[in-house]
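Chain and residue survey
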Amino acid sequence: MTALLLPLSASLALVTGCKPVTDVWGHPLYEYFPFDKERTWAYAMDDDSAGYVLAVEKVAATDQQGVEVATLEYRKQDSDLLYSVDWSSDANGGVLIHGYTVQGGDSVRFDTAVQFANHEALAGEQVVTETNGMTFTATFHGIEECPNLWTSEVWDCAHITLDDGDGDDMAGPPFAGDWWGAGSWNASRFHTTGGSADWVLTSAWYCDPEAQPCG
C-alpha cells in the first residue's frame, strides 16, 4: 500500500517557538514535529474537563531501516500509562506513525506507516494512507497561531488534521484529530478524536545527549 498526495485547491530563545523557513515546495512540516533528542512535554485540557495533566515522554528510539522511530508514552502525570505512539520525522519520509498501543486495549503495528505529513507541503494539501484495512487522510491547513499555557508569546504552528476514516467523530486511535506543531518544541496543542477540548502545552524540555549530559 502507498501514500498518495492529493492537492486541494532551538535556534530557540527560552520558550520561543521557531518558525521553519518556507521554500517554493512548501512548508518543511517535519521541522514542526521533531522527535529527536531526549524530550518531555506536559499538557492541560483547555476546558479543565480532564481533571489531570497529560505527561508525554520519549521513552525509546529504535533504528528501522535508517529511520529513527521514537516511542512516546502518554500518561496521567505521575500515574497511569494511557497509551503510546511510535513516531518518526525527517527530511526524507516526513512525519510518520508506525504503530500504537492503548493500555488494556489495542496494540497495532502498521504494515505501511501512516503518513501524518509529507516532508514538505503547501496549505490545503492532503495525503492518504491505506494500511491494515484502514484509510487515513491527513490535511495540512497551513501555518496558524497556536497559543499555549507555557508562554505568553503566540507561536506559529503547522495545523494538521488526521482523519482515521471510520466515520465516527467520537472514536478512533489516540493520534487521530487536530495537531498544531511548533518548530523545536513539537505540539503546542492538539485535540484528539472524542476529546472535549484541546490539550494545551504547559511545559516542555529537550536535551541533546550527544552535546551534553542529560539529567
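Presented here is an overview of the structure given in this document. If you're wondering where the values come from, they're calculated on a predicted model, not measured in any experiment. (Residues numbered from 1 in each chain as written. Predicted model: local features only at pLDDT ≥ 70, side-chain atom pairs only at ≥ 80, totals over all residues. Heavy atoms only, no water.)

Further remarks concern the pairing of strand β13 (residues 199-207). With eight bridges joining them, strand β2 (residues 38-45) and β13 adopt antiparallel strand pairing. The partner of R39 across the bridge, within β13, is Y206. In the sheet, strand β12 (residues 186-192) pairs with β13 via two bridges, with the strands oriented antiparallel. Looking at β13, one finds that R189 is bridged to V200. Taking the residues between adjacent antiparallel strands as the criterion, β12 and β13 are bridged by six residues, where G194 takes a positive phi near 90 degrees. (Pairing = 2+ DSSP bridges. Helix = DSSP H or I, 4+ residues; strand = E, 2+ residues; numbered from the N terminus.)

The next point concerns the packing of aromatic side chains. Per the counting criterion, the structure on display carries 17 aromatic pairs. Between the aromatic rings of Y43 and F190, the centroid separation amounts to 5.0 Å while the plane-to-plane angle is 75 degrees, which identifies the pairing as edge-to-face. Taken as a pair, Y43 in strand β2 and F190 in strand β12 lie far apart in primary sequence, 147 residues in all. Taking the relative accessible area as the measure of exposure, Y43 reaches 3% and is therefore buried. You can call F190 buried: its relative accessible area is 1%. An angle of 15 degrees between the planes, with centres 4.5 Å apart, marks the rings of Y74 and Y83 as stacked. An aromatic cluster of at least three residues, connected via ring pairs, comprises F33, F35, Y43, W87, F116, W179 and F190. Sitting above the plane of the Y206 ring, R39 keeps its charged end 4.5 Å from the centroid. (Phe/Tyr/Trp six-rings, centres within 6.5 Å; stacked < 30°, edge-to-face > 60°. Buried < 20%, exposed > 50% of the residue type's maximum accessible area, 1.4 Å probe, protein only. Lys NZ or Arg CZ within 6 Å of the ring centre and 35° of its normal.)

This paragraph deals with the state of the cysteines. Per the counting criterion, the structure on display carries two disulfides. Each disulfide pairs two cysteine sulfurs, and for C146 the partner residue is C157, the sulfurs being separated by 1.8 Å. For the disulfide bridge between C146 and C157, the dihedral angle about the S-S bond is near 55 degrees, and by the sign convention the bridge is right-handed. Note that C146 is positioned in the loop between β9 (134-145) and β10 (156-163) and C157 in strand β10, a separation of eleven residues in sequence. For C146, a relative accessible area of 1% puts it in the buried group. Take C157: its relative accessible area is 0%, and that puts it in the buried class. A sulfur-sulfur separation of 1.9 Å characterises the disulfide bridge that pairs C207 with C214. The disulfide joining C207 to C214 has a torsion of about -85 degrees about its S-S bond and is therefore left-handed. (Disulfide = S-S within 2.5 Å.)

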